[in-house]
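Listed here are the chains, written in short residue letters.
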Amino acid sequence: MRDIVERAMRGDREAFGVLVVQTSDRLFAIAARILRDSHLAEDALQGALIAAWRQLPALRDPDRFEAWVRKLVVHACYAEARRRRSWAANVRILPVDGPAAPDELISVADRDALDRAFRRLTIEQRAVFVLHHHVGLALVEIAETLGVPAGTARSRLHYATRVLRAAIEADAAPVASQGRLA
Amino acid sequence: MTTTNRDFDRIARAWLDLMPDEAPDRVIDAVVKAAEATPQVRPHFGRVTRRFRDMPRFALVGVSAAVAAVIAGLALLNLRPTANVGTATPTAGASPSTIPTGTWTAPKDGISFYTPSGATSELLAIVSTGNGDHLFVREQGFPVDRTAFLSSITAASDSEVVLRVTSVAPLGGRGFGSGTPVSVDGVAFAGCKLGDLGRYRWVLAADGNSMTLFSLGDACPSREVVLARLWTRNPSTPTPSP
């Protein structure tokens, strides 16, 4: 892959096309999970990849291409979320074209509870949560990706986890359901 | 009902897996077309690198050797222990660390020590004494109080150290000490207990002016959120004593 990145850095558009094909699924998955909207995720991915093409000659380490472009995607998600002022209130339901979840792994109630709680998180907290639980990055790597201190990444993950876990637990408690749906 | 960490991780992953994983072809097509019509931004040093590419091979080898010699010299200067040479008295089972001594600063970055506001940055002091190497953190502008995380330093390898909390008493009054929880953006982290161990990797920048501490695990979460980040050398501040 290094060879392809170096060719793209020298302006080879064909090589860049190969990189786009190789990485776009993984990057789209990240954007879709952070933004919870496949249309916004498409816009973020497109913007990030075009920015990547323009800035590619400045990439210092070709072996870090995917980490670098992942950072661009996350920041494009931030920009996309902030550009849509009413974004949080108008989250569209994702089309059911993703992989089907085995029923035994997550209940419908848990899914709904997580959907609602996730919308209450800031875009920065969502990004940390997705990079940790979906991409599997360690906190130090997340901090590097987001350009924040490790302590900030840790606190965002801590808060997001607390909110989402509380949502699941509240959902499991029968008394709490009335107030939660108000 | 309580959800265990493992249960929560499993549920979270399953929930995240519900979302689509494939980028639509129209996005890929749009990016490829945009790239065809968009020029790349070349960094300013492009001309310099082109000049090197055009240089005869023997000249390039000479320049490379000179640059390598300068870098090696600088690295030796930066990595050489300074204040702790000959002064550290290793304790049993401990070896003197090679972590650079001196004072380092970092912005607060949302970190709160639950003390009155005022300080905008924190100072990390790494000092060498007759009892070995130690470090502590102090809020800038408050030279007497608000010192925390007094820890002994033991080398674990060339670039790794083990820190042991040697005092949790409020160092200087006002109630703040290593045992006080630190918060980051409003989220509190547990304070230190005496003897808490933490292992850190330190990476010194080539110019010696900044050092990144990476946590490899710390029993004291508060010390970890404060220490594990980029520190900038503070040559103007004399190394204080704890």
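Scroll up for the structure.
Residues numbered from 1 in each chain as written. Chains lettered and ligands numbered in written order. Predicted model: local features only at pLDDT ≥ 70, side-chain atom pairs only at ≥ 80, totals over all residues. Heavy atoms only, no water.

A. The layout of surface pockets, seen in detail. Considering only enclosed or pocket space, the largest pocket measures out at about 910 Å³ in volume. Along the walls of the largest pocket sit 27 residues, with Arg64(A), Lys71(A), Ala143(A), Glu144(A) and Thr145(A) positioned nearest its centre. Elements represented by at least two residues in the lining of the largest pocket include exactly α4 (65-83) and α7 (139-146) of chain A together with β10 (210-218) of chain B. Here the lining of the largest pocket takes five residues from α7(A), the largest share from any one element. Within the lining of the largest pocket, the residues separate by chemical class into 15 nonpolar, three polar and nine charged. (1 Å grid on protein atoms, 1.4 Å probe; cavity = no way out; pocket = protein on both sides within 12 Å on 5 of 7 lines; lining within 4 Å. Points joined across faces, edges and corners; volume = space filled by probe spheres on them. Helix = DSSP H or I, 4+ residues; strand = E, 2+ residues; numbered from the N terminus. Nonpolar A, V, L, I, M, F, W, Y, C, P; charged D, E, K, R; others polar.)

B. Inspection of the nonpolar core at higher detail. Ranked by internal contacts, the top residues of the largest apolar core, which has 73 residues, are Phe129(A) and Leu146(A). Per element, the largest residue contribution to this core is 11 residues, and it comes from helix α2 (residues 13-35) of chain A. The contacts of Phe129(A), once residues within four sequence positions are left out, are Phe118(A), His134(A), Leu157(A), Ala160(A), Thr161(A), Leu164(A), Phe8(B), Ala12(B), Trp15(B) and Leu16(B). Ile99(B), Trp104(B), Leu213(B) and Val225(B) belong to the second largest nonpolar core, which has 26 residues in total. (Core = buried A, V, L, I, M, F, W, Y, C linked by side-chain atoms within 4.5 Å. Buried < 20%, exposed > 50% of the residue type's maximum accessible area, 1.4 Å probe, protein only. Contact = heavy atoms within 4.5 Å.)

C. Examining the state of the cysteines more closely. Residues and elements named next belong to chain B. A full pass over the atoms with the stated rule returns one disulfide over all chains. Here Cys-192 is linked by a disulfide to Cys-220, with a sulfur-sulfur distance of 2.0 Å. Between Cys-192 and Cys-220, the disulfide has an S-S torsion of -80° and is therefore left-handed. Highlighted residues: Cys-192 in the loop between β8 (187-189) and β9 (197-204) and Cys-220 in the loop between β10 and α5 (221-227), separated in sequence by 28 residues. (Disulfide = S-S within 2.5 Å.)

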